[in-house]
Amino acid sequence: MKLAYLPLNFVMPLQMKKINSIVVESPHIYDSMIMDLYRQMNREEERWDLLQDEDLLVLDKYCDLLMSPADLHFHKKEIQKELIPEIVREIESGEKFEDLLERHGDFVRLMGQLCEQYKYPLECDFDFCLKEYLKQYKVTLADVEGSALEKLLEYIPVVQELMGKTVFFLHGYSDYLTEDDFRHLQKWVKYQEYYIVFLGSRQLSLKEDTNEYIIDLDLCEIH
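Quick caveat, the model's predicted, so the values are computed rather than measured.

What counts, and where the lines are drawn
- Position numbers for residues count from 1 along each chain, tracking the sequence in the order it is written.
- In keeping with the predicted nature of the model, local features appear solely for residues at pLDDT of at least 70, side-chain atom pairs appear and are counted solely at 80 or more, and the whole-chain, interface and lining totals rest on all residues.
- No hydrogens and no water enter the side-chain calculation; it runs on all heavy atoms of the structure.
- Working definition: helices are DSSP H or I runs of at least four residues, strands are E runs of at least two. Numbering for both runs from the N terminus.
- The span expected for a helix works out to 1.5 Å for each residue beyond the first.
- A simple rule labels every residue: compare its accessible area, found with a 1.4 Å probe on the protein chains alone, to the largest value its type can have, and call it buried under 20%, exposed over 50%, or partly exposed in between.
- Directions from the helix axis toward the C-beta atoms define the arc.
- Note on contacts: a residue pair is in contact if any heavy atoms of the two residues lie within 4.5 Å.
- Aromatic rings from Phe, Tyr and Trp, with only the six-membered ring used for Trp, were paired whenever their centres fell within 6.5 Å, and each pair was classed as stacked if the ring planes differed by under 30 degrees, edge-to-face if by over 60, and tilted otherwise.
- Distance thresholds for patches are 9 Å for like charges and 5 Å for nonpolar side chains (Val, Leu, Ile, Met, Phe, Trp, Tyr), applied to residues having over 30% relative accessible area and no salt bridge.
- The method behind every accessible area is Shrake-Rupley, applied with a 1.4 Å probe, and residues are considered shielded solely by the protein chains displayed.
- When a carboxyl oxygen of Asp or Glu is within 4 Å of a side-chain nitrogen of Lys or Arg, the pair counts as a salt bridge.
- The charge count treats Lys and Arg as positive and Asp and Glu as negative. His and the chain ends do not count.
- Positions of charges follow a simple convention, taking NZ of Lys, CZ of Arg, CG of Asp or CD of Glu.
- Strands qualify as paired when DSSP identifies two bridges or more between them.

Draft legend 1. Local environment of helix α3 (residues 77–92). Taking 1.5 Å as the rise per residue, α3 with 16 residues should run 22 Å; its terminal C-alpha atoms sit 23 Å apart, in good agreement. Of all the residues in α3, the buried ones are I79, L83, I84, I87 and V88. Projected down its long axis, α3 carries its buried residues within an arc of 155°, all on one side. Buried-residue contacts for α3 involve α5 (130–136) and α6 (148–163).

So, in structure tokens, the structure goes:
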């Protein structure tokens, strides 16, 4: 897989099972690259290309942009959109689904009796809809907990499985990780099917076994 930033004609082959890093020494260029990436993730413009075997991929479909550990949560609309149908399928194929239908029947009978007691005639829609039950009770994934690294390692597999995203951009995330965190992340990445891409203005503290590209102040590429 390749990542390209069109304004600079910058092309970087991404490596799976390694930490990828893009270091931009010019603050103004770095700001432009990040803002262009952010806008493209929101489908406002196209200045980045993501290619798989020369096929152009839709960036926001395959990528996730994480600006800080505060972004590592599951309450995003796009995650909920994929999560609810997944939960519905799991429940409907499980052994407790018949029990749920039975409880719904009890609820309908009770509500019918209560409505009949009201002084004015009432109309109700008691059709069973599991999706609406889940929304009513605000069923969602529990928040990730722990250190910045622990949150990251919990967040990425879930988003990959639910949404099919395989490239995770970490803007400035190295500020939250220690050298031991980086070593642990390197070991973890070797057994995963994701592309981890750090974006920053300085090199990572751990350089060994890292696919790092540097765009220096003269806009020269160093690998």
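Draft legend 2. Region of interest: helix α7 (residues 179–189). The set of residues buried in α7 consists of D181, F182, L185, Q186, W188 and V189. Taken end-on, α7 shows its buried residues confined to a sector of 165°, consistent with a single buried face. For α7, exposure combined with an orientation more than 90 degrees from the buried face picks out D180 and K187. Contact partners of the buried residues in α7: β3 (19–24), α6, β8 (195–200) and β9 (210–215).

Draft legend 3. Expanded view of the packing of aromatic side chains. Evaluation of the coordinates by the stated rule reveals eleven aromatic pairs. Consider the rings of F97 and F128, whose centres lie 6.1 Å apart with planes at 65°: the pair is edge-to-face. Taken together, the residues F97 in helix α4 (residues 97–117) and F128 in the loop between α4 and α5 connect sequence positions 31 residues apart. The buried category is assigned to F97, whose relative accessible area is 15%. Assessed through its relative accessible area of 27%, F128 is described here as partly exposed.

Draft legend 4. Just a negative patch on the surface, in detail. A grouping of E95, E98, D99 and E102 is seen on the molecular surface, where their side chains present a negatively charged patch. Within the element layout of this structure, D99 appears in helix α4. A residue is classified by how much of its surface remains accessible, and D99, at 32% relative accessible area, is partly exposed.

Draft legend 5. The environment of V139, seen in detail. Summarising the element assignment, V139 is placed in the loop between α5 and α6. According to the relative accessible area criterion, V139 is partly exposed, its value standing at 30%. Through-space distance from the C-alpha of V139 to that of L177 is 31 Å; in sequence the pair is 38 residues apart. Contacts of V139, omitting those with residues within four sequence positions, involve Q80, I84, I87 and L134.

Draft legend 6. Looking closely at the pairing of strand β7 (residues 167–171). Of all the five residues making up β7, five are buried; the element is thus mostly covered by neighbouring parts of the structure. Residues V167, F169 and H171 line one face of β7 and the alternating positions F168 and L170 line the opposite face, and both faces are buried. Of the pairings in the sheet, the one linking strand β6 (residues 63–66) to β7 comprises four bridges and is parallel in character. Counted as the bridge partner of C63 is V167 from β7. Pairing of β7 with β8 involves five bridges; the strand directions are parallel. When the bridges of β8 are listed, H171 appears paired with L199.

Draft legend 7. Highlighting the pattern of salt bridges. For the coordinates displayed, the defined rule picks out eleven salt bridges. D36 is the salt-bridge partner of R47, the closest N and O atoms lying 3.7 Å from each other. Note that R47 is positioned in the loop between α1 (27–41) and β4 (48–52) and D36 in helix α1, a separation of eleven residues in sequence. We classify D36 as buried; its relative accessible area is 2%. For R109, the salt bridge is made with D106, and the minimal N-O distance between the two is 2.3 Å. Note that R109 and D106 are positioned in helix α4 at a spacing of three residues, about one turn of the helix.

Nothing here speaks to function; it is all geometry.
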